[in-house]
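Structural features, examined
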Amino acid sequence: MNSVRGKWALITGATSGIGKATSDLLAKNGCNIIITGRRADKLEATHHIIEEKYGIKVLSYCFDVRNLNQCAELANDLSEREIVPDILINNAGLASGKSKIQEGLIAEWEKMIDTNIKGLLYITRCILPAMIDKNEGHVINIGSTAGHTVYPEGNVYNATKFAVKALNEAINLDLAGTNVRCCSIDPGAAETEFSVVRFHGDEEKAKKVYKGYTPLAAEDIADAILYVLQTLPHVNITNLVMYPTAQRSVYVWDKKL
Ligand SMILES: NC(=O)c1ccc[n+]([C@@H]2O[C@H](COP(=O)([O-])OP(=O)(O)OC[C@H]3O[C@@H](n4cnc5c(N)ncnc54)[C@H](OP(=O)(O)O)[C@@H]3O)[C@@H](O)[C@H]2O)c1
(Lines give C-alpha, C1' and ligand atoms only; values in the text may rest on other atoms or scores of the structure.)
Protein backbone atom coordinates (compact mmCIF):
# COMPACT_ATOMS: atom_id res chain seq x y z
CA MET A 1 0.00 0.00 0.00
CA ASN A 2 1.13 3.51 -0.80
CA SER A 3 0.12 5.50 2.29
CA VAL A 4 -1.04 9.12 2.09
CA ARG A 5 0.21 9.74 5.65
CA GLY A 6 2.46 12.81 5.89
CA LYS A 7 1.85 13.81 2.26
CA TRP A 8 0.30 17.08 1.05
CA ALA A 9 -2.92 16.97 -0.98
CA LEU A 10 -4.36 20.01 -2.76
CA ILE A 11 -8.11 19.65 -3.19
CA THR A 12 -10.04 22.29 -5.14
CA GLY A 13 -13.71 22.83 -4.29
CA ALA A 14 -13.52 21.48 -0.75
CA THR A 15 -16.38 23.54 0.73
CA SER A 16 -18.98 20.86 -0.02
CA GLY A 17 -19.72 17.50 -1.60
CA ILE A 18 -16.96 15.33 -3.04
CA GLY A 19 -14.14 17.77 -2.27
CA LYS A 20 -15.16 18.13 1.37
CA ALA A 21 -15.61 14.36 1.88
CA THR A 22 -12.24 13.69 0.22
CA SER A 23 -10.50 16.28 2.40
CA ASP A 24 -11.97 14.62 5.48
CA LEU A 25 -10.97 11.09 4.41
CA LEU A 26 -7.44 12.03 3.41
CA ALA A 27 -6.95 13.95 6.68
CA LYS A 28 -8.32 10.95 8.60
CA ASN A 29 -5.59 8.91 6.95
CA GLY A 30 -2.87 11.33 8.10
CA CYS A 31 -2.54 13.41 4.94
CA ASN A 32 -1.95 17.18 5.23
CA ILE A 33 -4.43 19.11 3.13
CA ILE A 34 -4.62 22.31 1.13
CA ILE A 35 -8.25 23.18 0.51
CA THR A 36 -9.89 25.77 -1.73
CA GLY A 37 -13.31 27.19 -2.53
CA ARG A 38 -15.09 30.52 -2.95
CA ARG A 39 -17.36 30.45 0.12
CA ALA A 40 -15.11 31.77 2.90
CA ASP A 41 -17.40 30.73 5.77
CA LYS A 42 -17.66 27.12 4.62
CA LEU A 43 -13.95 26.93 3.81
CA GLU A 44 -13.02 28.24 7.25
CA ALA A 45 -15.41 25.81 8.96
CA THR A 46 -13.99 22.83 7.02
CA HIS A 47 -10.44 24.02 7.82
CA HIS A 48 -11.04 24.18 11.58
CA ILE A 49 -13.15 21.02 11.90
CA ILE A 50 -10.61 18.89 10.03
CA GLU A 51 -7.61 20.41 11.79
CA GLU A 52 -9.13 19.76 15.21
CA LYS A 53 -10.48 16.31 14.35
CA TYR A 54 -7.30 14.84 12.90
CA GLY A 55 -4.40 17.06 14.05
CA ILE A 56 -2.87 17.22 10.58
CA LYS A 57 -1.70 20.42 8.83
CA VAL A 58 -4.36 22.36 6.93
CA LEU A 59 -3.93 25.34 4.60
CA SER A 60 -6.92 27.02 3.00
CA TYR A 61 -7.16 29.46 0.10
CA CYS A 62 -10.40 31.25 -0.71
CA PHE A 63 -10.53 32.03 -4.41
CA ASP A 64 -12.24 31.32 -7.72
CA VAL A 65 -10.48 28.80 -9.99
CA ARG A 66 -11.62 30.90 -12.98
CA ASN A 67 -9.12 33.55 -11.91
CA LEU A 68 -5.67 32.67 -13.30
CA ASN A 69 -3.87 35.24 -11.11
CA GLN A 70 -5.35 33.74 -7.97
CA CYS A 71 -4.39 30.22 -9.10
CA ALA A 72 -0.84 31.49 -9.64
CA GLU A 73 -0.86 33.18 -6.20
CA LEU A 74 -1.73 29.84 -4.60
CA ALA A 75 1.18 28.17 -6.40
CA ASN A 76 3.55 31.01 -5.38
CA ASP A 77 2.49 30.84 -1.76
CA LEU A 78 3.02 27.06 -1.66
CA SER A 79 6.42 27.53 -3.27
CA GLU A 80 7.37 30.13 -0.63
CA ARG A 81 6.38 27.64 2.06
CA GLU A 82 8.46 25.01 0.22
CA ILE A 83 5.44 22.77 -0.19
CA VAL A 84 5.06 20.70 -3.35
CA PRO A 85 1.68 18.94 -3.39
CA ASP A 86 2.08 15.16 -3.61
CA ILE A 87 -1.54 14.93 -4.67
CA LEU A 88 -3.57 17.36 -6.79
CA ILE A 89 -7.32 16.78 -6.89
CA ASN A 90 -9.00 18.87 -9.58
CA ASN A 91 -12.51 18.69 -8.20
CA ALA A 92 -14.01 22.22 -8.33
CA GLY A 93 -16.77 22.18 -10.90
CA LEU A 94 -20.44 22.60 -11.53
CA ALA A 95 -23.41 22.26 -13.84
CA SER A 96 -25.39 25.45 -14.28
CA GLY A 97 -28.90 24.99 -15.64
CA LYS A 98 -30.31 22.28 -17.91
CA SER A 99 -31.84 23.35 -21.20
CA LYS A 100 -31.90 22.68 -24.90
CA ILE A 101 -28.92 24.16 -26.72
CA GLN A 102 -31.17 26.49 -28.73
CA GLU A 103 -32.54 27.91 -25.48
CA GLY A 104 -29.27 27.88 -23.51
CA LEU A 105 -28.03 30.87 -21.56
CA ILE A 106 -24.59 32.01 -22.68
CA ALA A 107 -23.66 33.14 -19.14
CA GLU A 108 -24.29 29.60 -17.85
CA TRP A 109 -22.23 28.06 -20.65
CA GLU A 110 -19.36 30.39 -19.86
CA LYS A 111 -19.54 29.62 -16.15
CA MET A 112 -19.28 25.87 -16.83
CA ILE A 113 -16.56 26.16 -19.47
CA ASP A 114 -14.52 28.62 -17.38
CA THR A 115 -14.77 26.53 -14.20
CA ASN A 116 -14.73 22.93 -15.40
CA ILE A 117 -12.21 23.30 -18.24
CA LYS A 118 -10.24 26.52 -17.82
CA GLY A 119 -10.14 26.36 -13.99
CA LEU A 120 -8.81 22.79 -14.14
CA LEU A 121 -6.23 23.86 -16.71
CA TYR A 122 -5.13 26.94 -14.71
CA ILE A 123 -4.61 24.94 -11.51
CA THR A 124 -2.84 22.13 -13.35
CA ARG A 125 -0.55 24.53 -15.22
CA CYS A 126 0.37 26.33 -11.96
CA ILE A 127 0.90 23.23 -9.79
CA LEU A 128 2.07 20.39 -12.06
CA PRO A 129 5.56 21.72 -12.94
CA ALA A 130 6.71 21.45 -9.30
CA MET A 131 5.32 17.90 -9.09
CA ILE A 132 7.20 16.97 -12.26
CA ASP A 133 10.41 18.55 -10.88
CA LYS A 134 10.01 16.39 -7.79
CA ASN A 135 9.29 13.45 -10.11
CA GLU A 136 6.52 11.99 -7.99
CA GLY A 137 2.89 12.63 -7.25
CA HIS A 138 -0.65 11.94 -8.32
CA VAL A 139 -3.18 14.05 -10.21
CA ILE A 140 -6.83 13.14 -9.80
CA ASN A 141 -9.30 14.82 -12.15
CA ILE A 142 -12.95 14.60 -11.23
CA GLY A 143 -14.73 13.96 -14.51
CA SER A 144 -18.20 12.46 -14.80
CA THR A 145 -20.20 9.79 -16.58
CA ALA A 146 -21.57 12.91 -18.32
CA GLY A 147 -18.16 12.98 -20.00
CA HIS A 148 -18.74 9.54 -21.52
CA THR A 149 -22.35 9.82 -22.77
CA VAL A 150 -24.37 12.93 -23.50
CA TYR A 151 -27.92 13.25 -22.20
CA PRO A 152 -30.78 15.53 -23.30
CA GLU A 153 -30.31 19.12 -22.14
CA GLY A 154 -26.90 18.29 -20.72
CA ASN A 155 -25.09 19.67 -23.81
CA VAL A 156 -22.51 22.16 -22.46
CA TYR A 157 -22.01 20.41 -19.10
CA ASN A 158 -21.47 17.18 -21.10
CA ALA A 159 -18.99 18.97 -23.34
CA THR A 160 -16.97 20.24 -20.37
CA LYS A 161 -16.75 16.75 -18.89
CA PHE A 162 -15.81 15.25 -22.29
CA ALA A 163 -13.05 17.87 -22.21
CA VAL A 164 -11.95 16.70 -18.75
CA LYS A 165 -11.77 13.14 -20.12
CA ALA A 166 -9.63 14.34 -23.05
CA LEU A 167 -7.40 16.44 -20.81
CA ASN A 168 -6.93 13.57 -18.37
CA GLU A 169 -5.75 11.36 -21.26
CA ALA A 170 -3.54 14.17 -22.59
CA ILE A 171 -1.98 14.87 -19.18
CA ASN A 172 -1.17 11.17 -18.87
CA LEU A 173 0.59 11.20 -22.25
CA ASP A 174 2.53 14.33 -21.38
CA LEU A 175 3.61 12.81 -18.07
CA ALA A 176 5.21 9.84 -19.83
CA GLY A 177 8.79 9.50 -18.63
CA THR A 178 7.96 10.90 -15.17
CA ASN A 179 6.72 9.13 -12.04
CA VAL A 180 3.70 11.42 -11.76
CA ARG A 181 0.46 9.48 -12.18
CA CYS A 182 -2.89 10.77 -13.42
CA CYS A 183 -6.42 9.40 -13.07
CA SER A 184 -9.88 10.68 -13.81
CA ILE A 185 -12.60 9.51 -11.47
CA ASP A 186 -15.93 9.69 -13.23
CA PRO A 187 -19.03 9.36 -11.03
CA GLY A 188 -22.67 8.95 -12.02
CA ALA A 189 -25.39 10.48 -9.85
CA ALA A 190 -24.03 11.56 -6.46
CA GLU A 191 -26.11 13.45 -3.91
CA THR A 192 -24.16 16.59 -3.06
CA GLU A 193 -24.95 20.29 -3.58
CA PHE A 194 -24.48 19.61 -7.32
CA SER A 195 -28.18 19.62 -8.27
CA VAL A 196 -29.07 22.52 -5.96
CA VAL A 197 -26.35 24.52 -7.76
CA ARG A 198 -27.50 23.27 -11.18
CA PHE A 199 -31.10 24.34 -10.47
CA HIS A 200 -30.06 27.65 -8.91
CA GLY A 201 -31.13 26.88 -5.35
CA ASP A 202 -34.39 25.05 -6.17
CA GLU A 203 -34.12 22.39 -3.43
CA GLU A 204 -37.31 20.58 -4.46
CA LYS A 205 -36.20 20.15 -8.07
CA ALA A 206 -32.78 19.02 -6.84
CA LYS A 207 -34.27 16.42 -4.47
CA LYS A 208 -36.23 14.85 -7.35
CA VAL A 209 -32.95 13.91 -9.07
CA TYR A 210 -32.19 11.49 -6.22
CA LYS A 211 -35.72 10.16 -5.63
CA GLY A 212 -36.57 6.45 -5.77
CA TYR A 213 -33.05 5.01 -5.56
CA THR A 214 -29.85 5.24 -3.55
CA PRO A 215 -27.44 7.62 -5.27
CA LEU A 216 -23.70 7.67 -4.67
CA ALA A 217 -22.67 9.66 -1.61
CA ALA A 218 -19.71 12.05 -1.68
CA GLU A 219 -17.97 9.62 0.70
CA ASP A 220 -18.21 6.80 -1.92
CA ILE A 221 -16.20 8.90 -4.35
CA ALA A 222 -13.73 9.85 -1.62
CA ASP A 223 -13.24 6.10 -0.99
CA ALA A 224 -12.49 5.54 -4.68
CA ILE A 225 -10.01 8.42 -4.69
CA LEU A 226 -8.20 7.01 -1.66
CA TYR A 227 -8.10 3.57 -3.30
CA VAL A 228 -6.44 5.01 -6.41
CA LEU A 229 -3.97 7.04 -4.33
CA GLN A 230 -3.02 4.00 -2.27
CA THR A 231 -2.00 1.83 -5.21
CA LEU A 232 1.72 1.15 -5.47
CA PRO A 233 3.84 3.70 -7.42
CA HIS A 234 4.20 1.38 -10.45
CA VAL A 235 0.38 1.19 -10.86
CA ASN A 236 -1.35 3.95 -12.81
CA ILE A 237 -5.14 3.64 -12.87
CA THR A 238 -5.99 6.17 -15.56
CA ASN A 239 -9.78 6.12 -15.33
CA LEU A 240 -12.32 4.90 -12.80
CA VAL A 241 -16.02 5.07 -13.69
CA MET A 242 -18.56 4.56 -10.92
CA TYR A 243 -22.36 4.54 -10.90
CA PRO A 244 -24.91 3.91 -8.18
CA THR A 245 -26.05 0.27 -8.48
CA ALA A 246 -29.50 1.58 -9.45
CA GLN A 247 -28.02 3.49 -12.40
CA ARG A 248 -26.30 1.35 -15.05
CA SER A 249 -25.81 4.13 -17.57
CA VAL A 250 -26.91 7.69 -18.16
CA TYR A 251 -30.11 6.13 -19.57
CA VAL A 252 -30.75 2.95 -17.56
CA TRP A 253 -32.16 3.50 -14.06
CA ASP A 254 -33.92 1.36 -11.51
CA LYS A 255 -36.05 3.96 -9.74
CA LYS A 256 -38.88 2.96 -7.38
CA LEU A 257 -41.05 6.05 -7.69
N1 LIG B 1 -22.74 15.19 -7.84
C2 LIG B 1 -22.72 14.52 -8.97
O3 LIG B 1 -23.69 13.85 -9.35
C4 LIG B 1 -21.47 14.52 -9.80
C5 LIG B 1 -21.32 13.50 -10.75
C6 LIG B 1 -20.19 13.49 -11.54
C7 LIG B 1 -19.24 14.46 -11.39
N8 LIG B 1 -19.41 15.46 -10.47
C9 LIG B 1 -18.34 16.46 -10.37
O10 LIG B 1 -17.82 16.44 -9.06
C11 LIG B 1 -17.20 17.69 -8.77
C12 LIG B 1 -17.65 18.13 -7.39
O13 LIG B 1 -19.03 18.36 -7.38
P14 LIG B 1 -19.99 17.95 -6.18
O15 LIG B 1 -20.94 16.94 -6.69
O16 LIG B 1 -19.22 17.68 -4.97
O17 LIG B 1 -20.83 19.33 -6.06
P18 LIG B 1 -20.85 20.46 -4.93
O19 LIG B 1 -21.26 19.89 -3.63
O20 LIG B 1 -21.66 21.57 -5.51
O21 LIG B 1 -19.32 20.91 -4.81
C22 LIG B 1 -18.69 21.67 -5.82
C23 LIG B 1 -17.44 22.31 -5.24
O24 LIG B 1 -16.78 23.04 -6.28
C25 LIG B 1 -16.50 24.37 -5.82
N26 LIG B 1 -16.52 25.31 -6.93
C27 LIG B 1 -17.48 25.49 -7.87
N28 LIG B 1 -17.14 26.49 -8.70
C29 LIG B 1 -15.95 26.96 -8.26
C30 LIG B 1 -15.09 28.01 -8.69
N31 LIG B 1 -15.38 28.77 -9.76
N32 LIG B 1 -13.95 28.26 -8.01
C33 LIG B 1 -13.64 27.50 -6.93
N34 LIG B 1 -14.39 26.48 -6.49
C35 LIG B 1 -15.54 26.24 -7.14
C36 LIG B 1 -17.60 24.65 -4.78
O37 LIG B 1 -17.12 25.59 -3.83
P38 LIG B 1 -17.59 27.12 -3.71
O39 LIG B 1 -19.02 27.19 -4.13
O40 LIG B 1 -17.36 27.45 -2.27
O41 LIG B 1 -16.66 27.85 -4.61
C42 LIG B 1 -17.75 23.29 -4.12
O43 LIG B 1 -16.80 23.15 -3.09
C44 LIG B 1 -17.60 18.63 -9.91
O45 LIG B 1 -16.51 18.74 -10.80
C46 LIG B 1 -18.76 17.91 -10.57
O47 LIG B 1 -18.88 18.24 -11.93
C48 LIG B 1 -20.49 15.51 -9.68
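If you're wondering where the values come from, they're calculated on a predicted model, not measured in any experiment.

**A short note on unusual backbone geometry**
Unusually for a residue other than glycine, Glu82 sits at a positive phi of about 60°. Looking at the secondary structure, you find Glu82 in the loop between helix H3 (68-80) and strand S4 (87-90). Note on Glu82: relative accessible area 73%, which makes it exposed. Even without a glycine there, the phi angle at His200 is positive, about 50°. Relative accessible area serves as the criterion here: at 52%, His200 is assigned to the exposed category.

**Here's the deal with the nonpolar core**
By size, the foremost hydrophobic cluster in this structure holds 35 residues, and its most contacted members are Leu26, Ile33, Ile89, Ile140, Ile185, Ile221 and Ile225. No other element matches helix H8 (residues 218-230), which puts eight residues into this core. When residues no more than four places from it in sequence are discounted, the contact partners of Ile221 are Ile18, Ile185, Pro187, Ala190, Leu216 and Met242. Of all hydrophobic cores here, the second largest spans 22 residues; its members include Trp8, Ile34, Leu88 and Ile171.

**Description of the site of the ligand**
Close to the ligand lie 30 residues; Thr15, Ile18, Arg38, Tyr157 and Thr192 are nearest. Note that a nitrogen atom of the ligand is positioned 2.8 Å from one of the side-chain N or O atoms of Asp64. Here Thr192 contributes a side-chain N or O atom positioned 2.6 Å from an oxygen atom of the ligand. The fraction of the free accessible surface of the ligand (880 Å²) that becomes covered by protein chains is 96%. For the shell around the ligand, the secondary-structure elements that each account for two or more residues are helix H1 (17-28), helix H5 (155-174) and helix H6 (194-198).

**Concerning the side chain of Asn168**
Structurally, Asn168 is set in helix H5. Here Asn168 falls in the buried class, since its relative accessible area comes to 3%. Aside from chain neighbours lying at most four places away, what touches Asn168 is Asn141, Cys182, Cys183, Ser184 and Thr238.

**Here's the deal with the pairing of strand S6 (residues 180-187)**
Among the eight residues of S6, eight are classified as buried, and the element is accordingly described as predominantly covered. What you see with S6 is no split at all: Val180, Cys182, Ser184 and Asp186 on one side and Arg181, Cys183, Ile185 and Pro187 on the other are buried throughout. Of the strand pairs in this sheet, strand S5 (residues 137-142) and S6 are connected by six bridges, and their pairing is parallel. Paired with Val139 across the strands is Cys182, a residue of S6. Assessed by its sense of winding, the connection that carries the chain from S5 through H5 to S6 is right-handed. Both S6 and strand S9 (residues 239-242) contribute to a ladder of four bridges, which runs parallel. By the bridge assignment, Asp186 is partnered in S9 with Val241.

How each quantity is defined
- Numbering of residues begins from 1 in every chain and follows the order in which that chain's sequence is written.
- With pLDDT at 70 or above as the cut-off, local features in this predicted model cover only qualifying residues; side-chain atom pairs require 80 or more to be listed or tallied, and sums for whole chains, interfaces and linings still use all residues.
- Side-chain descriptors were evaluated using all non-hydrogen atoms of the structure, hydrogens and water having been removed beforehand.
- For the purposes of this entry, the term helix denotes a DSSP run of H or I that reaches at least four residues, the term strand denotes a run of E that reaches at least two, and both are numbered from the N terminus.
- Relative accessibility decides the category of a residue: with a 1.4 Å probe and only protein chains considered, values under 20% of the type maximum give buried, values over 50% give exposed, and everything between is partly exposed.
- Side-chain atoms within 4.5 Å are what join buried Ala, Val, Leu, Ile, Met, Phe, Trp, Tyr and Cys residues into a set we call a nonpolar core.
- When checking whether two residues touch, look at their non-hydrogen atoms; a contact exists if any pair is within 4.5 Å.
- One heavy atom within 4 Å of a molecule or strand is enough for the residue carrying it to be called near that molecule or strand.
- Two N or O atoms count as a polar contact when they lie within 3.5 Å, although within protein this holds only if one can serve as hydrogen donor and the other as acceptor, and sequence-adjacent residues are included solely when both atoms are side-chain atoms.
- Note on areas: Shrake-Rupley, 1.4 Å probe, and residue coverage restricted to the protein chains presented here.
- At least two DSSP bridges between two strands are needed for those strands to be called paired.
- Here a crossover is taken to be right-handed if, once the strands point away from the viewer, the path from the first strand over the helix to the second is traced clockwise.

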